[in-house]
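Each chain, letter by letter, is given below.
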Amino acid sequence: MAGMNPFEQQKQIPNVKHIIAVSSGKGGVGKSTVATNLALALSQHAKVGLLDADIYGPSIPRMLGANQQKLSFSADGKIQPLVKFGLKIMSIGFLVDENAALIWRGPMLFKAMDQFFKDVEWGDLDILVIDLPPGTGDVQLTMAQKIPISGAVMVSTPQNIALTDVKKAIDMFDKVKIPIIGLVENMSYMLNPINGEKIQLFPKGDLESYLDSKKIQKIGTIPFHTQVSISSESGIPIVEANPNSDEGVAFDQISKKVISFLKL
Ligand code: ADP
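Here we summarise the structure given alongside this text. (Residues numbered from 1 in each chain as written. Predicted model: local features only at pLDDT ≥ 70, side-chain atom pairs only at ≥ 80, totals over all residues. Heavy atoms only, no water.)

Observations regarding the pattern of salt bridges
This structure, assessed with the given rule, holds eleven salt bridges. With a shortest N-O distance of 2.9 Å, K26 and D165 are connected by a salt bridge. With a gap of 139 residues between them, K26 in the loop between β1 (16–24) and α1 (31–42) and D165 in helix α5 (residues 160–175) connect regions that are remote in the sequence. Of the residues examined, D165 reaches a relative accessible area of 17% and is grouped as buried. Between K31 and D131 there is a salt bridge whose closest N-O contact spans 2.8 Å. You can see K31 sitting in helix α1 and its partner D131 sitting in strand β7 (residues 125–131), a full 100 residues away along the chain. Taken individually, K31 and D131 each receive the classification buried, so the pair is uniform in this respect. What emerges from the salt-bridge pattern is a single network uniting E185, K204, E208 and K218. (Salt bridge = Lys/Arg side-chain N within 4 Å of Asp/Glu carboxyl O. Helix = DSSP H or I, 4+ residues; strand = E, 2+ residues; numbered from the N terminus. Buried < 20%, exposed > 50% of the residue type's maximum accessible area, 1.4 Å probe, protein only.)

Below you can see the structure in the form of structure tokens.
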């Protein structure tokens, strides 16, 4: 029917206990990196799926070394998620060529999103982590409204230019009454490899005072480290490649906070 939004009929995903969204105001702050490593860290403690709904830049297949893999379908036509490092994954990147600019709009986009939730055989999951596209457009708002999301993890870099946009994303979740689990400050600092001194890659802005005023917890601080980007590039994220690194340990601590928020 013209103008009908397929999400109107959206219900709980069967056998999925909790859905959490990973969101950011801007692109490039490390949202997909956090979503992927957080999902891997969570999978040490729970049954976890990862849905890459970043339709404008689906990078999770590549980060998990699964970009060449093909989806399979069950006899009743359901999509089987791929399994990588014990994690069930699904991405729009498995459906369209990663180089193709995604120009879908409106109904076609919502149909694809709808399929992610209805036609993927997730099986029993404690947590489905959704990597949302950055910002606060139609897709984000529709998902936030129509899927039963238990909470959102916000990702930002420290500076005010990133904060301005993350505030808008937090306002969006407030409006649709989705609790903010907490904020992960990514690329918070870098350690000088020669003398171990902290280098501030981005100037510290008003993030701390803003979080205080909104009573939002900072649930983690991830430094900038080339081993984070190199491991993502090679398809073995840092939590898998080097769980005992500072960043690996930081993701594990974040995952424990998420688990305690969800009371799992
Ligand atoms: P977004 O999803 O917000 O657009 P990505 O997760 O794709 O951002 O990250 C953008 C780039 O920054 C990627 O190349 C990623 O490997 C790199 N990156 C993200 N976080 C870190 C970090 N903590 N240290 C080093 N590189 C990082």
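Back to the text.
Quick look at the site of the ligand
Taken together, 16 residues surround the ligand, and among them G28, K31, S32, T33 and N186 come closest. In this structure, G28 approaches the ligand through a main-chain N or O atom, which is 2.7 Å from an oxygen atom. V29 has a polar backbone atom sitting 3.1 Å from an oxygen atom of the ligand. Here the ligand, which alone exposes 570 Å², has 81% of that area covered by the protein. (Near = heavy atom within 4 Å. Polar contact = N/O pair within 3.5 Å; in protein donor to acceptor, adjacent residues only side chain to side chain. Areas by Shrake-Rupley, 256 points an atom, 1.4 Å probe, with all protein chains shown as cover.)

Some words on the packing of α5 against helix α6 (residues 207–214)
Taken N-terminus to C-terminus, the directions of α5 and α6 make an angle of 15°; their axes are 11 Å apart at the nearest point. If you check the angle between α5 and α6, you find them roughly parallel. The crossing of α5 and α6 is right-handed. Note on element contacts: α6 touches α5 through L207, Y210 and K214, opposite L163, K167, I170, D171 and D174. Taken together, the residues of the contact of α5 with α6 sort by class into four nonpolar, no polar and four charged. (Axes fitted to C-alpha atoms, helices over the stretch in contact; angles between N-to-C directions. Parallel < 35°, antiparallel > 145°, perpendicular 65-115°, else oblique. Left-handed = near helix turned anticlockwise from the far one by under 90°. Contact = heavy atoms within 4.5 Å. Nonpolar A, V, L, I, M, F, W, Y, C, P; charged D, E, K, R; others polar.)

Regarding α5
When the terminal C-alpha atoms of α5 are compared, their 22 Å separation across 16 residues agrees well with the 22 Å that a helix rising 1.5 Å per residue should span. For α5, the full list of buried residues reads A162, L163, D165, V166, A169, I170, M172 and F173. Packing partners of the buried residues in α5 comprise β1, α4 (138–146), β8 (151–156), β9 (180–186) and α6. Backbone geometry just after α5 places K177 at a positive phi near 60°. (Expected span 1.5 Å × (residues − 1).)

A few points about the environment of E233
Its place among the elements puts E233 in helix α7 (residues 226–233). Spatially, the C-alpha atom of E233 lies 9.9 Å from that of S59, the residues being 174 residues apart in sequence.

Here's the deal with the sheet that holds β1
Pairing within the open sheet is mixed, and its eight strands lie in the order β5-β6-β2-β7-β1-β8-β9-β12. A strand with exactly one partner marks an edge of an open sheet, and here the two such strands are β5 (82–84) and β12 (218–222). Averaged over all pairs of adjacent strands, the angle between their axes in this sheet comes to 25°, without regard to strand direction. Bridge count for β8 against β9 is five bridges, and the pairing is parallel. Residue A152 lies in a different strand from β9, and its bridge partner there is I180. Each of β1, β8 and β9 is contacted by α5, which is oriented at about 170° to β8, the strand it contacts most. Strands β1, β7, β8, β9 and β12 of the sheet are contacted by helix α9 (residues 246–262), whose axis makes an angle of about 165° with β12. (Pairing = 2+ DSSP bridges.)

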